[in-house]
Amino acid sequence: MEANPTIMSTCKVVAGGNHAVKNLLGANDSTTTTTTLGHHLAKRLVEIGIKDVFAVPGDSNLTLLDCFVAEPRLNLVGCCNELNAGYATDGYARCNGVGACVVTFTVGGLSILNAIAGAYSEDLPIICIVGAPNSNDFGSNKILHHTIGLQDFSQELQCFKAITCHQAVVNNLDDAHERIDSAIAIALRESKPVYISICCNLASIPHPSFIKEPIPFCLTPRLTNKKCLEIAVEATAEFLNKAVKPVMVGGPRLRAAKACDAFMEMADTSGYPIAILPSAKGLVQENHPKFIGTFWGVASTSYCAEIVESADAYLFAGPIFDDVTPVEWKKGKAIIVQPNRVVITNGLTFGCILMKDFFKALAKRLKCNTTAFENYQRMHIPDGLAIHSNPNEALRVNVLFRHIQRMLSSDMTVIVETGDSWFHCQKLKLPRGCGYESQLHYASIGWSVGASLGYAQAAPEKRVIACIGDGSFQVAAQEVSTILRCGHNSIIFLINNGGYSTEVEIHDGPYNVIKNWNYTGLVETIDNGEGKCWTAKVHNEEELIEAVDTAMESKKHCLCFIEVIVHRDDTSKELLLWGTKFAALNGRPPKDN
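Residues numbered from 1 in each chain as written. Predicted model: local features only at pLDDT ≥ 70, side-chain atom pairs only at ≥ 80, totals over all residues. Heavy atoms only, no water.

Asker: Got a minute to help me understand the layout of surface pockets in this structure?
Answerer: Vacant regions in the atomic arrangement are exposed by a probe of water-molecule size rolled over the atoms. There is about 730 Å³ of room inside the second largest pocket. Taken together, 26 residues make up the lining of the second largest pocket; nearest its centre are Leu-188, Arg-189, Arg-222, Ala-256 and Asn-340. Secondary-structure elements contributing two or more residues to the lining of the second largest pocket are helix H8 (176-190), helix H10 (254-257) and helix H13 (355-363). Looking at the lining of the second largest pocket, the element that brings in the most residues is H8, giving three residues. (1 Å grid on protein atoms, 1.4 Å probe; cavity = no way out; pocket = protein on both sides within 12 Å on 5 of 7 lines; lining within 4 Å. Points joined across faces, edges and corners; volume = space filled by probe spheres on them. Helix = DSSP H or I, 4+ residues; strand = E, 2+ residues; numbered from the N terminus.)

Structural data, given as structure tokens:
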């Protein structure tokens, strides 16, 4: 059965009663000396695996930031604005498993909301910490600065309630330890963001509940109900073993369930073809012999949709079905496995079953069936490579991505911005170990700039390749400053086609044209002569080849920013089809009453 997120450390501190408190207050042992709320929080972040915290300073979080700076195992990364700090934390959590950010009250909290909402949609555990007003101001009926001018300044908390799974307001020291530890525990258990508000006058005050070396943070884990597991596995195995052409489709919640390896182990034994929803790219090994590509309606990989849609049984692992990823499948023929429950084809639902436990048990019960994959092999024709451009011919986007494909290796990660890069990058064949991240469901433009910073900070051994459209870049360009300050050697391909190409294919208008910037000049200006970047502006394939060679060789230790000039109408066929379908969805007339 599911367990409550009890914090074992809190229980151990309380268990000693008054005697334990006296010992804490009177002991000379350095391991039991009392410390402050801020230092306790910093140590807890280190304990759950966080090494970098993304922050924007403000008057109500400065003392708390001092505590973080004083923790030698934490690195404070100052960002240009709160939105980008949130995006960076998102990218960091994708790689590291959990992330944290610190902003100031209301003006900072409301600025970071959009990024935290995106992290919520992606099931990312993020500790969003906000420096709050002085504890004496709560209930005082004062009107404070950084608020909207009301005596009640709870608007920030109300906003965060919709986009976090838990909120902790710390305005006194007596229960601060419990509130902080509980919030962190819930973030990890639910794999969602949480909100922690800490009054600015409390962070540096010692308290008996905070000891210099706190009792180790310990979670009671979620557990699988063994009886439910047995019944669900029995029903699923019976259904799939009777099928003629079963398939497996991986979804984005494989990450939150930490079930990617268990999913692949089941693929090894079952013989089923493996497809992915587009939001799961990077979570499944694409070099697996049974991998057939992305299942995404009209934007599916060649022959993948035909195999999936013709199957007589599906196993969906952690899917999210929405209007961005419209797919056709027979609902009466599907097993849907979510992180903590299994839905059998007839609608019967079993809760309290961890996805990875379910896959490990199911793998032992499935008969090997390669029929659907053999059908795929018979019909599949490998995609042809794009033809070479003529000398000095204007560069085409498909030529650009052919060269990006050749750059990929196991020590790289591709960060994909919202837009046509979605469709081009779905076609990339990822080498084993090559990372891949996109924000498909929430689809906030500009996300990739901050996410590239956060991911690179979490995985310095990986080189990030970011594919960003010019419209998206204009939203978050200033965070290149932090990328340079942190010394990352990412490669940013800025695709300059003069506007919002995705919106053009949905519904065109003059609002889709943006002011052109000298993007390479902008990045050089931000570098300010420090020599931490190299830029190039390319117009044809010859210039692209030279730029890629330089980025991969002589400039491999610095940020490489390559601006790619392409025609406004140069888009993927998938975007054309997707845009037409989305326009039809948006344009549906209202129903008659």
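Asker: It is not clear to me how the sheet that holds strand E11 (residues 291-294) should be interpreted in this structure. Could you clarify?
Answerer: Backbone-to-backbone hydrogen bonds join strands into a sheet, with any given pair of strands oriented parallel or antiparallel. Spatial ordering of the open sheet is given by E11-E10-E9-E12-E13-E14-E15, a layout of seven strands whose pairing is mixed. In this open sheet, the two edge strands, each paired with only one partner strand, are E11 and strand E15 (349-351). Between one strand and the next, the sheet's axes are offset by a mean angle of 15 degrees, whatever the strand orientation. Contacts between helix H9 (residues 226-242) and the sheet are confined to strand E9 (246-250), strand E12 (313-317), strand E13 (334-338), strand E14 (341-343) and E15, with E15 contributing the most and set at about 145 degrees to the helix. (Pairing = 2+ DSSP bridges. Axes fitted to C-alpha atoms, helices over the stretch in contact; angles between N-to-C directions. Contact = heavy atoms within 4.5 Å.)

Asker: Explanation requested: the packing of helix H15 (residues 397-407) against helix H22 (residues 541-552) in the structure shown.
Answerer: In helix packing, the relevant descriptors are the interaxial angle and the interaxial distance, both defined with respect to the helix axes. One can describe the packing of H15 onto H22 by two numbers: an axis separation of 11 Å at closest approach and a directional angle of 25 degrees. On the basis of the axis angle, H15 is roughly parallel to H22. At the point where H15 passes H22, the crossing takes the right-handed sense. Touching Val-399, Leu-400, Arg-402, His-403 and Met-407 of H15 are Glu-541, Leu-544, Ile-545, Val-548 and Met-552, all from H22. Split by residue class, the contact of H15 with H22 holds seven nonpolar, one polar and two charged. (Parallel < 35°, antiparallel > 145°, perpendicular 65-115°, else oblique. Left-handed = near helix turned anticlockwise from the far one by under 90°. Nonpolar A, V, L, I, M, F, W, Y, C, P; charged D, E, K, R; others polar.)

Asker: Is there a simple way to explain the packing of aromatic side chains in this structure?
Answerer: Two descriptors summarise a pair of aromatic rings, namely the distance from one centre to the other and the angle between the planes of the rings. Scanning the model with the defined rule gives 16 aromatic pairs in all. In this structure an aromatic cluster arises from ring pairing among Trp-296, Trp-422, Phe-423 and Trp-578. The ring of Tyr-120 is capped by Lys-192, whose NZ or CZ atom sits 4.0 Å from the centre of that ring. When the ring centre of Phe-373 is taken as reference, the NZ or CZ atom of Lys-290 above it lies at 5.2 Å. (Phe/Tyr/Trp six-rings, centres within 6.5 Å; stacked < 30°, edge-to-face > 60°. Lys NZ or Arg CZ within 6 Å of the ring centre and 35° of its normal.)

Asker: Looking at this structure, how should I read the environment of His-388?
Answerer: Its place among the elements puts His-388 in the loop between helix H14 (371-379) and H15. C-alpha separation for the pair His-388 and Glu-541, spaced 153 residues apart in sequence, amounts to 8.2 Å. Beyond its immediate sequence surroundings of up to four residues, His-388 is in contact with Arg-402 and Glu-541.

Asker: Please clarify how the UniProt feature "domain: Thiamine pyrophosphate enzyme central" (unreviewed entry) in the chain should be interpreted in this entry.
Answerer: Per the UniProt record, "domain: Thiamine pyrophosphate enzyme central" (unreviewed entry) is annotated on residues 233-344. Helix makes up 28% of residues 233-344 and strand 22%, whereas the separation of the span's terminal C-alpha atoms amounts to 10 Å. (UniProt positions renumbered as here; feature names shortened; annotations may be inferred.)

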